[in-house]
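# Chains, contacts and geometry: an overview
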Amino acid sequence: MGAVTHVLAVNPIPARSQMGSSLGFHIILACFGIAFAAVTMTAEWIGIKRGDAAALLLARRWSKVMAVLVAVGAVSGTVLSYEMGLLWPGLMGRFGAAVDLPFSVEGIFFFLEAIFVGVYLYGWQRLSPWAHWWSGMPIVVSGLLGALSVVAANSWMNSPAGYTLRHGKITSIDPVSVFFNASTPYETAHMVLAAYMVTGFLVAGVYAVGLLRGRRDRYHRLGFAVPFTIAGMAAPLQVMMGDIIARFIAHNQPVKFAAMEYVSATTRDAPEWLGGIFINGHVYLGAAIPAFDSILVGFSPHTRVIGWDSVPPAQRPPLVTLIHLSFDLMVGLGFFLFALAAWQAWWWWFRRRLLMTAWFLVPAALSGVAAVAAMEAGWIVTEVGRQPWIVYRVLLVSNAVTPATGVTVTLGAILALYAILTVVSIGVPMIMSRRWRQGTPAEEAAEKVPYGPPQATPGPAARPLAPPAGRPEAR
Amino acid sequence: MSPSPEAIAVAAILFGIIAAYALFGGADLGGGIWDLLAGSAERGAAPRDLIDEAITPVWEANHVWLVFILVVLGTAFPPAFAAIMTALFVPLSLSLLGIVLRGVGFAFRHTAQRLRMRQLTGALFAASSLITPFFLGTAVGAVATGQVPVHPSGNVLAAWTSPTAVLTGFLFVAACAYVSAVFLIPEARQRGHQDLMRYFVLRATAAGILTGVLAGGTLAELSVSAPRLFSRLMSSALPLVAISVAAGIAVLVMLWLRWYYSVGLRVAAAVAVTAVVWGWGLAQYPYLFPTSLSLAAGSAPAGSLVAELVVAGLAVLLVAPGFALLYVLQQRRMLTAAESDADLRLAAQPGPAVSGQPALGRPGAPAAAPVAVRMTTALVLAILAIRAIRDVFSPPGGR
């Protein structure tokens, strides 16, 4: 107990925990901010173009879920922008002119997103179908550009550029080099693809469960196929991006790469470790593929891979086992998702059918969780791998943390609040979906429709002509 | 050393953003306060529904102003940002707590159906609307009175618990309620609720008088606690203070004369808030923290400041039309409250008959091309895509 109290009394530990849990939570909602509009608009497009009522119903229900997730995402994003200052004043005071710059660019896209989310979510009933569809387009674009801006700030901490330092003080800034630093294109592409995968697989997973339970109508098949296709297209690109990025890190942040791959000493013929725990210079319980790491880094077994012995112990990342296993988890899950998408693609290509076997649907139902786990593992790799630096090779975490007391209290509060937010962001869509299924929706029981509205014109403006069944809305 | 023109320009923009948040974010927060004060479930149902309908589509966009304040302050005036965030750790964390709880309330309140649950989320939304402006107000009070040290070694409790800071906190709460009530009058009128219009006229008048009294009290307190700021407010910033007072009185007069229909009502309220924020900024000039941190010493290098000016320009170009669209649609009532569960239950008509497993593709689509052609196309496309991505992302100096 005494040791724990001591550790908690040192600010970097609770501050890092608070930042880590905030980021780890927000990033899932950020994925929906980046990609959910595109998924919803795809369904809406199918619905308008083909007069497909099932697709429109999907789009309208998804946008209702989007309203909840976007609200939670907006506040958890605000938490992060507060925490940059609250937890890391040593970073902001010295390097705020650089690291906060991409965030202020992000402000523009946050604004655009919030504005058009307001139009898109609440414009279903009164806007014309195509006007409504187009009102979603700025959300998609600002989602991409917003991701670019936020990730640029993180990239800058990995590849600081575009500033001159004199006597520990920044004397000039080149905003373009700050924004487009060496890591920006890699991290952004990786994150955007991850966002499409997380969103697509999570949404598809919900409908995979429905299909498994025997609800195999068009509504559920579309609800599965649209997000799964989008995520499935991102999966192979993500595997390729991952390979490219790993080589970039070997080049740009060799010590982080060494921790990822258990390269303790600089060597040629470096083996590729799969799994394994690193204790006192030995890897236990892991399988090594001889020279494969060198091949992956430089396409030749003779490629020299830099080990972490290239820097003094104080500058090496802690917890190499965590970094390596997170990396392996991310890569493994990435390949699993790729294989799942390839299987369905193969089936579609030759049979024009969705796979309905439980062998496919059970993993598909779990694919969203897998995508989230892969993304979280990826963030652990990049954030823990950068340690002990907050700005790589420029500023130590311990010099950036706040001297304010009370971080343990805010850490506790944040954990409690995020537990509530998690319950809200999972529970509210579940309650809504259960309620939607009451009263026999016409679309989900399309085979035999004993009642339901008479012929309504398809389109988002379609209003129910029959009085709503089930409980009246308590408003 | 006098501050560079870029620094002055960015500071002016920053105070503009603060005014915008005070106005739009403040109106939303004030809505929560009126929600809190609306009384029992039956009596308060009508005003609560109006507040909900008026705020729901716009609150998120209005909230972004706060994020903008943080990032512009952090980029353009990093030492001030770091010092504020350290010294005022406690009130800022509490204001953040309010923001999070308010978001939870918003996310949940449209789903909650049972009365108890609705009351709970409503209370959450309302209480957090009190917490956030109060603690942001104490933080502003601490900065304005020069209580924030440039290099704080930890939280500074005394900075935000001084009488001036606490009074500023109350002033912020009252101002939010006031702005909100003024903005809700036309909302009620557009929806044809005459009784609600009178309801908010009464509250706008009361909140306006309270805000005026608190503002006077804060000013009197400032003459003791921050004599420099007070003398500046009474000299170079006097025109702005005078405009604010005049606009505030004008609002009360218009309410008394029952000019509820004029746009001037909202404009005057906006001017009253904006002028006092700019007056505060002018009174602080040339200091970020009077008198320990000057604008010149606390501003970022020119590159960052110019970047902020570009961001502000882009924001005007991109965001302003978006906001105009949002508010026009909202005013024309094109944005309805979210669709109810009943809408989503029965909105759809029966789709094409489903038997066995029909293809998902467009009905009557041309027959698929032969397998060999599709295989070849896919292979060629895949190879091209891989090569393109490799070329774009191959690391410099790599193979």
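Residues numbered from 1 in each chain as written. Chains lettered and ligands numbered in written order. Predicted model: local features only at pLDDT ≥ 70, side-chain atom pairs only at ≥ 80, totals over all residues. Heavy atoms only, no water.

### Re the overall build of chain B
Just so we agree on the cut-off: Strands are runs of DSSP state E lasting at least 2 residues, helices are runs of H or I lasting at least 4, and numbering of each runs from the N terminus. Only protein chains enter the area calculation, which uses a 1.4 Å probe; residues under 20% of their type maximum are buried, those over 50% are exposed, and those in between are partly exposed. Residue contacts are counted whenever heavy atoms from the two residues lie within 4.5 Å of one another. In short, Shrake-Rupley with a 1.4 Å probe defines the accessible areas, and a residue's cover is counted only from the protein chains shown.
When you go through chain B residue by residue, the secondary structure sums to 16 helices and 2 strands. A total of 399 residues make up chain B; the buried ones form 53% of that total. For chain B, contacts bridging at least 24 residues in sequence account for 80% of all contacts bridging at least 6. With an accessible surface of roughly 16,600 Å², chain B has 72% of that area assigned to carbon and sulfur atoms.

### Let's talk about a nonpolar patch on the surface
Defined as follows: Patches were defined on residues exceeding 30% relative accessible area and lacking a salt bridge, with like-charge contacts within 9 Å and nonpolar side-chain contacts (Val, Leu, Ile, Met, Phe, Trp, Tyr) within 5 Å. Here, a salt bridge means any side-chain nitrogen of Lys or Arg that lies within 4 Å of a carboxyl oxygen of Asp or Glu.
Taken together, the side chains of Val 245, Ile 249, Val 253, Trp 256, Leu 257 and Trp 259 of chain B make up a nonpolar region of the molecular surface, amounting to roughly 670 Å² of accessible area. Tracing the backbone shows Leu 257 of chain B in the loop between helix H11 (238-256) and helix H12 (264-284).

### Some details on the pairing of strand S2 (residues 169-173) of chain A
Residues and elements named next belong to chain A. Inclusion rule: Strand pairing is assigned whenever DSSP detects at least two bridges linking the two strands.
In terms of strand pairing, strand S1 (residues 163-166) meets S2 through 4 bridges, oriented antiparallel. Within S2, the position partnered with Thr 164 by the bridge is Ser 172. The turn linking S1 back onto S2 is made up of 2 residues, and His 167 within it adopts a positive phi angle of 50 degrees.

### A few points about the domain arrangement of chain B
Put simply, the test is: Segmentation of the chain into domains, including their bounds, is taken from an automatic or database domain assignment.
If you check the domain split of chain B, you get domain 1 (5-331) and domain 2 (367-399). Each of domain 1 of chain B and domain 2 of chain B has a C-alpha centre, and the two are 54 Å apart.

### What to know about the pattern of salt bridges
Under the criterion given, the structure shown has 6 salt bridges over all chains. A salt bridge links Asp 52 of chain A to Arg 218 of chain A; the shortest N-O distance between them is 2.5 Å. One end of the pair, Asp 52 of chain A, is in the loop between helix H2 (12-50) and helix H3 (53-87); the other, Arg 218 of chain A, is in helix H9 (residues 218-252), with 166 residues separating them in the sequence. A single network of salt bridges, built from pairs that share partners, joins Glu 53, Glu 187 and Arg 191 of chain B.

### Side note on the nonpolar core
This is how it is decided: Residue types Ala, Val, Leu, Ile, Met, Phe, Trp, Tyr and Cys, when buried and joined through side-chain atoms within 4.5 Å, form a set referred to as a nonpolar core.
Formed by 281 residues in total, the largest nonpolar core has its most connected members in Tyr 82, Trp 88, Leu 91 and Phe 224 of chain A together with Phe 77, Leu 88 and Phe 200 of chain B. Top element by residues in this core is H3 of chain A. It accounts for 22 residues. Excluding residues that lie within four positions of it along the chain, Phe 77 of chain B makes contacts with Ala 7, Val 10, Ala 11, Leu 14, Val 72, Leu 288, Leu 295, Gly 298 and Ser 299 of chain B.

### Let's talk about helix H4 (residues 89-99) of chain A
Working note: α-helix, 3.6 residues per turn, so residues spaced by three or four point in the same direction. Most of H4 of chain A is tucked away: 9 of the 11 residues are buried. When H4 of chain A is considered as a whole, its buried residues turn out to be Pro 89, Gly 90, Leu 91, Met 92, Phe 95, Gly 96, Ala 97, Ala 98 and Val 99 of chain A.

### Details of the packing of helix H1 (residues 5-36) of chain B against helix H3 (residues 59-76) of chain B
Residues and elements named next belong to chain B. What counts here: Angles here are taken between N-to-C directions and fall from 0 to 180 degrees, while the axes themselves are lines fitted to C-alpha atoms, restricted in helices to the stretch in contact. Here the angle decides the label: under 35 degrees means roughly parallel, over 145 means roughly antiparallel, 65 to 115 means roughly perpendicular, and every other value means oblique. Handedness of a crossing is defined here by the sense of rotation of the near helix relative to the far one, left-handed for an anticlockwise turn of less than a right angle and right-handed for a clockwise turn. Gly falls in the polar group here, along with every residue not listed as nonpolar (Ala, Val, Leu, Ile, Met, Phe, Trp, Tyr, Cys, Pro) or charged (Asp, Glu, Lys, Arg).
Two elements in contact, H1 and H3, have axes separated by 8 Å at closest approach and are oriented at 155 degrees. Considering their axes alone, H1 and H3 lie roughly antiparallel with respect to each other. You can see that H1 and H3 cross each other, and the crossing is left-handed. Within the contact between the two elements, H1 uses Val 10, Leu 14, Ile 17, Ile 18, Ala 20, Tyr 21, Phe 24, Gly 25 and Asp 28 and H3 uses Trp 59, Asn 62, His 63, Trp 65, Leu 66, Phe 68, Ile 69, Val 72, Leu 73 and Ala 76. Its residues placed into classes, the contact of H1 with H3 shows 15 nonpolar, 3 polar and 1 charged.

### Some details on helix H5 (residues 89-109) of chain B
Stated precisely, the cut-off is as follows: For a helix, the expected span equals 1.5 Å multiplied by the number of residues minus one.
With 21 residues, H5 of chain B should cover 30 Å at 1.5 Å per step; its first-to-last C-alpha distance of 30 Å lies within 8% of that length. The element H5 of chain B is largely enclosed, with a buried count of 18 among its 21 residues.

### Digging into the packing of H2 of chain A against helix H15 (residues 407-437) of chain A
Residue and element names in this part refer to chain A. Running from N to C, H2 and H15 cross one another at 15 degrees; their axes reach a closest spacing of 9 Å. By the criterion of interaxial angle, the relationship of H2 to H15 is roughly parallel. Classified by chirality, the crossing of H15 by H2 is left-handed. Contact residues: H2 offers Pro 14, Ala 15, Ser 17, Gln 18, Ser 21, Ser 22, Phe 25 and Leu 29, while H15 offers Val 407, Thr 408, Thr 410, Leu 411, Ile 414, Leu 415, Tyr 418, Leu 421, Thr 422 and Ser 425. Here the residues of the contact of H2 with H15 are counted per class, giving 10 nonpolar, 8 polar and no charged.

### Let's talk about the environment of Asp 217 of chain A
Residue and element names in this part refer to chain A. Our working definition: Two N or O atoms count as a polar contact when they lie within 3.5 Å, although within protein this holds only if one can serve as hydrogen donor and the other as acceptor, and sequence-adjacent residues are included solely when both atoms are side-chain atoms.
With respect to the helices, strands and loops of the structure, Asp 217 is situated in the loop between helix H8 (184-212) and H9. For Asp 217, a relative accessible area of 3% translates into the label buried. It is 9.5 Å that separates the C-alpha atoms of Asp 217 and Ala 54, two residues lying 163 residues apart in sequence. At 2.9 Å, the side chain of Asp 217 and the backbone nitrogen of His 220 are in polar contact.

### Some words on the environment of Ser 292 of chain B
Mapped onto the fold, Ser 292 of chain B is located in the loop between strand S1 (287-289) and strand S2 (293-294). Taking C-alpha positions, Ser 292 of chain B is 31 Å from His 63 of chain B, a pair spaced 229 residues apart along the chain.

### Structural notes on unusual backbone geometry
Following Gln 387 of chain A, the chain continues into Pro 388 of chain A via a peptide bond in cis, with omega recorded as 0 degrees. Tracing the sequence through the fold places Pro 388 of chain A in the loop between helix H13 (358-385) and strand S5 (389-391). Here the amide bond leading from Tyr 285 of chain B into Pro 286 of chain B is cis, since omega sits at 0 degrees, within 30 degrees of zero. Positive phi, close to 55 degrees, is recorded for Arg 352 of chain A, a residue that is not glycine. In this structure, Arg 352 of chain A sits in the loop between helix H12 (320-351) and H13. Overall, Arg 352 of chain A belongs to the partly exposed group, its relative accessible area being 33%.

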